[in-house]
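# Structural description and commentary
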Amino acid sequence: MPDLSGKAAIVTGCASGIGAATVRRLAADGAQVLGTDLDAERGAALCAEVGAVFAVQDVSDRAAWPAIVGQAVAAFGRLDILVNNAGMVSGAGIGDLDDDAMFAAWDQVLAVNLTGTMAGCRAAIAAMRENPGVPKGAIVNIASTTAIAPLPTDVGYSASKGAVRVLSKSVASWCAQHQLNIRCNTVIPGATMTGILEAAEQHTPGLIAAVAKTSPLNRLADPSETAAAIAFLASDECPFMTGAEMLVDGGALSIHPGF
Ligand SMILES: NC(=O)c1ccc[n+]([C@@H]2O[C@H](COP(=O)([O-])OP(=O)(O)OC[C@H]3O[C@@H](n4cnc5c(N)ncnc54)[C@H](O)[C@@H]3O)[C@@H](O)[C@H]2O)c1
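Not measured: the values here are computed from a predicted model. (Residues numbered from 1 in each chain as written. Predicted model: local features only at pLDDT ≥ 70, side-chain atom pairs only at ≥ 80, totals over all residues. Heavy atoms only, no water.)

### As for the overall build of the chain
When helices and strands are tallied, the chain shows 8 helices and 7 strands. Over its C-alpha atoms, taken along the principal directions, the chain stretches across nearly 50 × 40 × 40 Å. Expressed as a percentage of the 259 residues in the chain, the buried residues total 49%. Taking contacts inside the chain between residues at least 6 apart in sequence as the whole, the part at least 24 apart equals 70%. (Helix = DSSP H or I, 4+ residues; strand = E, 2+ residues; numbered from the N terminus. Buried < 20%, exposed > 50% of the residue type's maximum accessible area, 1.4 Å probe, protein only. Contact = heavy atoms within 4.5 Å.)

### Some thoughts on the sheet that holds strand β2 (residues 32-37)
Ordered in space as β3-β2-β1-β4-β5-β6-β7, the 7 strands form an open sheet in which the pairing is parallel. Whereas interior strands pair on both sides, the edge strands pair on one side only; in this sheet they are β3 (53-56) and β7 (245-248). Each adjacent strand pair in this sheet contributes to an overall mean axis angle of 20°, direction not counted. In the packing of helix α4 (residues 99-128) onto the sheet, the strands contacted are β4 (81-84), β5 (137-142) and β6 (182-189), and the crossing angle to β4 comes to about 175°. Packed on one face of the sheet, helix α5 (residues 155-177) meets β5, β6 and β7 and runs near 160° to β6. (Pairing = 2+ DSSP bridges. Axes fitted to C-alpha atoms, helices over the stretch in contact; angles between N-to-C directions.)

### Thoughts on the packing of α4 against α5
Across the interface, α4 lies against α5 with an axial gap of 10 Å and an inter-helix angle of 20°. In this view, α4 runs roughly parallel relative to α5, as classed from their interaxial angle. Remark: the crossing between α4 and α5 carries right-handed chirality. Facing α4, whose interface residues are Met102, Trp106, Val109, Leu110, Asn113, Leu114, Thr117, Met118, Cys121 and Ile125, α5 presents Val155, Gly156, Tyr157, Ala159, Ser160, Lys161, Ala163, Val164, Leu167, Val171, Trp174 and Cys175. Split into classes, the residues belonging to the contact of α4 with α5 amount to 17 nonpolar, 4 polar and 1 charged. (Parallel < 35°, antiparallel > 145°, perpendicular 65-115°, else oblique. Left-handed = near helix turned anticlockwise from the far one by under 90°. Nonpolar A, V, L, I, M, F, W, Y, C, P; charged D, E, K, R; others polar.)

### Section: the pairing of β2
The element β2 is largely enclosed, with a buried count of 5 among its 6 residues. Taken together, the 5 bridges between strand β1 (residues 8-12) and β2 define a ladder with parallel strand orientation. Note on β2: the bridge partner recorded for Ala9 is Val33. Each parallel crossover has a hand, and for β1 linked through helix α1 (residues 17-28) to β2 it is right-handed. Here 4 bridges tie β2 to β3, and the two strands are oriented parallel to one another. Residue pairing in the sheet places Gly35 in a bridge with Phe54 of β3. Crossover handedness for the path β2 to helix α2 (residues 40-50) to β3: right-handed. (Right-handed = clockwise from strand over helix to strand, strands pointing away.)

### What about the state of the cysteines?
Evaluated as defined, the whole model comprises 0 disulfides. The thiol of Cys175 is unpaired, and the distance to the nearest cysteine sulfur, on Cys184, comes to 7.0 Å. Given a relative accessible area of 1%, Cys175 falls into the buried group. With no disulfide of its own, Cys238 lies 12 Å from the sulfur of Cys184, the closest cysteine sulfur. A relative accessible area of 4% means that Cys238 is categorised as buried. (Disulfide = S-S within 2.5 Å.)

### Some remarks on the site of the ligand
Surrounding the ligand, one finds 27 residues, the nearest of these being Ser16, Asp37, Asn85, Tyr157 and Thr194. In the complex, the protein chains occlude 91% of the 820 Å² of accessible area that the ligand would expose alone. Taken together, the elements giving at least two residues each to the shell around the ligand come down to α1, α5 and α6 (195-203). The greatest single-element share of the shell around the ligand, amounting to 3 residues, is contributed by α6. The class makeup of the residues in the shell around the ligand is 13 nonpolar, 11 polar and 3 charged. (Near = heavy atom within 4 Å. Areas by Shrake-Rupley, 256 points an atom, 1.4 Å probe, with all protein chains shown as cover.)

### Section: a nonpolar patch on the surface
A cluster of nonpolar side chains, Ile148, Leu247 and Leu253, forms an exposed patch at the surface whose accessible area comes to about 230 Å². With respect to the helices, strands and loops of the structure, Ile148 is situated in the loop between β5 and α5. (Patch = residues over 30% accessible without salt bridge, like charges linked within 9 Å, V, L, I, M, F, W, Y side chains within 5 Å. Salt bridge = Lys/Arg side-chain N within 4 Å of Asp/Glu carboxyl O.)

### A short note on the packing of α1 against α2
Their axes nearest at 10 Å, the elements α1 and α2 cross at an angle of 20°. Between α1 and α2, the angle is such that the two are roughly parallel. α1 and α2 meet at a crossing whose hand is right-handed. Where α1 approaches α2, its residues Ala20, Val23, Arg24 and Ala27 are matched on the opposing element by Leu46, Glu49 and Val50.

Have a look at this one:
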């Protein structure tokens, strides 16, 4: 297990699924964690259980990001890790809705999944470059296999996750060029048994059974399996990894589609 003792982390979307598993994992590895979520009840309960601090946050509210980062720095004295995990689906293909509904869904999913991630990177970098001693940090952004093999049933989700991949590389290279010692990497989960998959199933009945079969392992991931990859990228175990992508998809994108 990576040693995260002495490190301070923010994990967004901590109330459920991969975010909850990541708070558990980073705390178990020794980090001090601020978990954030829209869902105050479940987020606060999860954080209390593992000794983490909780804050209510809508990640798409970009003006609120500096205060969230400030809360972590006030509590822990520094910020070493940001996991931009909060996300949502929109549940609409390109021709599925009338204009008003389509653009409302598109604007919302991009605001949360893409602008929220970008605003988080920006606020975290400002704090990480002021860390006591030397500037240092690790950002882990969560994309999706739909960033590579998009869902026809969700154009906004797929497009937002595709953009997160490129965002991470741009952030990584900017930090490297400015010699900030701040790495930025992307985890690309495959089908994982969480709330978002249940929401997607409501829009597209049969989706869970279909995506479970896409992995040659023939199962869904447990959120803890994704959290393990996030903890590795957040740790000092991989100082030469930045702008990189880690697939946690059970081999789903590694097999010929005919098999
Ligand atoms: N579950 C999967 O199969 C899967 C696959 C690929 C990628 N992902 C990605 O993993 C990440 C975590 O999703 P999950 O699967 O754990 O789903 P989840 O629905 O269980 O958890 C998402 C969490 O994000 C929170 N959230 C949503 N909008 C928010 C906002 N505006 N501000 C703050 N919090 C907000 C929700 O309240 C929830 O607690 C997402 O970015 C998702 O796109 C999931």
